Amino acid sequence: MRCPRCQHEDTRVLDTRMPEPQTVKRRRQCSSCGFRFSTVERPVREEISVLKRSGKVEEFDRQKISTSVQCALKKGNRRREEVEALVEVILQNLFKEKSKCLSSEKIGEEVLRCLQRFDKLAYVRYLSVHRTFADLEEFQRQIGEGHGDTI
Ligand SMILES: [Zn+2]
């Protein structure tokens, strides 16, 4: 990290804090001119958005993927770190796309692909849930378009 005052390349970290779980704040000091400044680190990838089948765009939520994977694995029999590692692989594959917007289908497919190799039973469970949600979204979309007046 260059010094914002003298552009010297070597700055020393004085202290590191985590004001939020996803944020790291460092106080730095330039080793040349002694200027003090702070830097903030946040995961940029959380800025990715998700395009739902309904056409709605939502903020990407890692927790949602984590929860649905945990749900498919029915907890208990898997260690937390194991599940988190799987979620991490799913996310890395998704973020390889470098696209700022992912469709919910694409996310679902990636989760399925990873689950299939990890746990066959969880794969089947996720598949059934994912299908149901997809159908529900489709249903809601049709209602939204005015086909709901027959109900
Ligand atoms: Zn400096």
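Residues numbered from 1 in each chain as written. Predicted model: local features only at pLDDT ≥ 70, side-chain atom pairs only at ≥ 80, totals over all residues. Heavy atoms only, no water.

### Some thoughts on the pattern of salt bridges
- Within this structure, the stated rule accounts for nine salt bridges.
- Salt-bridge contacts for Arg2 lead to Glu9; the nearest nitrogen and oxygen are separated by 3.1 Å.
- Judged by its relative accessible area of 45%, Arg2 is partly exposed.
- Residues Arg27 and Asp15 are paired through a salt bridge, measuring 3.0 Å at the closest nitrogen-oxygen approach. In this pair, Arg27 is assigned in strand 2 (residues 23–30) and Asp15 in strand 1 (residues 11–20), connecting sequence segments twelve residues apart. (Salt bridge = Lys/Arg side-chain N within 4 Å of Asp/Glu carboxyl O. Buried < 20%, exposed > 50% of the residue type's maximum accessible area, 1.4 Å probe, protein only. Helix = DSSP H or I, 4+ residues; strand = E, 2+ residues; numbered from the N terminus.)

### Quick notes on the packing of helix 1 (residues 62–73) against helix 3 (residues 104–118)
- Helix 3 packs onto helix 1 with a crossing angle of 40 degrees between their chain directions and a minimal axis gap of 12 Å. Seen from above, helix 1 lies across helix 3 with right-handed handedness. Of helix 3, the residues touching helix 1 (which contributes Ile65, Val69, Ala72 and Leu73) are Ile107, Val111, Leu115 and Phe118.
- Here the contact of helix 1 with helix 3 is composed, by residue class, of eight nonpolar, no polar and no charged. (Axes fitted to C-alpha atoms, helices over the stretch in contact; angles between N-to-C directions. Left-handed = near helix turned anticlockwise from the far one by under 90°. Contact = heavy atoms within 4.5 Å. Nonpolar A, V, L, I, M, F, W, Y, C, P; charged D, E, K, R; others polar.)

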